[in-house]
Amino acid sequence: MTTSQPTRNIIPTLIQWATARNPIRAMLLTSTRAIPDAPIDALSDYDVILIVQDLHPFVADRMWLNDFGDVLVVYWDPIHPDPVFEIERCGNVTQYADGLKIDFTLWPIALFQQIVAAPVLPAELDAGYRVLLDKDHLTATMRPPTGAAYVPTPPTLTTYQTLISDFLSDAPYVAKCLWRGDLLPAKWCLDYDMKHTYLRQLLEWRMEIDYGWSVPAGFLGKGLKRRLPSDIWAQVEQTYVGARVEDNWDALAHTMALCRQVAVEVGEHLGYAYPHDLHQRVSAYVDHIKHLEPPVALGQNNTRP
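Read on for an overview of the structure.

Reading the values: rules and limits
- Residues numbered from 1 in each chain as written.
- Predicted model: local features only at pLDDT ≥ 70, side-chain atom pairs only at ≥ 80, totals over all residues.
- Heavy atoms only, no water.
- Helix = DSSP H or I, 4+ residues; strand = E, 2+ residues; numbered from the N terminus.
- Buried < 20%, exposed > 50% of the residue type's maximum accessible area, 1.4 Å probe, protein only.
- Contact = heavy atoms within 4.5 Å.
- Areas by Shrake-Rupley, 256 points an atom, 1.4 Å probe, with all protein chains shown as cover.
- Lys, Arg positive; Asp, Glu negative; His and termini not counted.
- Charge placed at Lys NZ, Arg CZ, Asp CG, Glu CD.
- Disulfide = S-S within 2.5 Å.
- Salt bridge = Lys/Arg side-chain N within 4 Å of Asp/Glu carboxyl O.
- Core = buried A, V, L, I, M, F, W, Y, C linked by side-chain atoms within 4.5 Å.

## Describing the overall build of the protein
Of the regular secondary structure elements, the protein holds 10 helices and seven strands. Seen through its C-alpha atoms, the protein measures out along the principal axes to roughly 70 × 50 × 35 Å. Looking at the protein as a whole, 41% of its 305 residues qualify as buried. Looking at the protein alone, contacts between residues at least 24 apart form 63% of all its contacts between residues at least 6 apart. For the protein, the accessible surface area stands at approximately 16100 Å², while carbon and sulfur atoms represent 56% of it. In the protein, which carries 25 positive and 36 negative side-chain charges, the distance between the mean positions of the two groups comes to 2 Å.

Right, dumping it as structure tokens:
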């Protein structure tokens, strides 16, 4: 079995490969490896946009992916219309056996021309890009990246209040699932919905307070550990536990407490009041569910919804 090794610099190979293929008219590098001073390690992805005459041949015959190494596994997007310009596009994520990972995006020339002519760059380009190849000067009039993409802006009072209310609305459901012993829905709601949908947004706002609302939020919270105060990150780690129901009751309590702490700090910075009364009522309800008599075991005339 091949084990992952630190990836090689694939850019010269990409340029040589694309230069030799007439259907490819331009090639751009985006994301981490195209952003100045972005942290990069040996396993950082290469995010590559191929500007092509017709994307369909690249989708129909996928053997070209083997030109860069031994393919371990691939995920393909279906061909779909661009949400802004309604021209077909697609892409794939290719993991190679030696650790190399390339995310290929396929744009037809017509789509790229529309993007270049638009008044603002799409976020994936505005965050940072490098032109690796341009056979037809398609990139000549491209705007330079501003680096402002993915940088959070201060929330409005309504956004702040709605996020907290939505976060707290999940807590009773988690409590109900834990009381029933339904691990999967409990973990989904606690570890995804409450943490990734709501708490992560609060953590990003808290990060921006220390950085003047100037740094981009990393994908799925990447970079938060490095940029948050260490005591807050230590509390984030406390919210993650295994499968034991009692541990997940503790994780729910830690998650709710951390939400309040971070939201209060964000609110104080922005002049917004945290809804302490609502938090207390929801906490009391969760505690009430936790101490109810256990439900009737499955298979014993249990008709719960």
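## Notes on unusual backbone geometry
Despite not being glycine, Ser-31 has its phi angle at roughly 65°, a positive value. Along the chain, Ser-31 falls in the loop between β1 (24-30) and β2 (46-52). Judged by relative accessible area, Ser-31 falls into the partly exposed class, the value being 29%. Of note, the phi angle at Asp-37 is positive, near 65°, even though the residue is not glycine. Positionally, Asp-37 belongs in the loop between β1 and β2.

## Considerations on the state of the cysteines
Here the structure, examined in full by the defined rule, presents zero disulfides. Here Cys-259 is not cross-linked by a disulfide; its sulfur's nearest cysteine counterpart is in Cys-189, at 13 Å.

## Let's talk about the pattern of salt bridges
For the structure shown, the criterion picks out 12 salt bridges. Asp-67 serves as the salt-bridge partner of Arg-21, at 3.5 Å between the closest nitrogen and oxygen. Separated by 46 residues along the polypeptide, Arg-21 in the loop between α1 (11-19) and β1 and Asp-67 in the loop between α2 (56-60) and β3 (71-76) bring together distant segments of the chain. By relative accessible area, Arg-21 is classed as partly exposed at 30%. Linking Glu-124 and Arg-89 is a salt bridge whose minimum nitrogen-to-oxygen distance equals 3.8 Å. One end of the pair, Glu-124, is in helix α4 (residues 123-126); the other, Arg-89, is in strand β5 (residues 88-96), and 35 residues separate them in sequence.

## A word on the nonpolar core
Taken as a class, soluble globular proteins show a tendency for nonpolar side chains to be buried jointly. Tyr-160, Met-194, Leu-203, Leu-252, Met-256 and Val-286 are the most contacted members of the largest nonpolar core, which has 40 residues in total. Counting residues per element, the ones that place at least two in this core are α5 (157-180), α6 (183-211), α8 (230-238), α9 (245-270) and α10 (276-290). Excluding residues within four positions of it along the chain, Met-256 makes contact with Phe-167, Leu-168, Ala-171, Met-194, His-279, Val-282, Ser-283 and Val-286. Membership of the second largest hydrophobic core comes to 28 residues, among which are Val-48, Val-52, Phe-58 and Leu-65.

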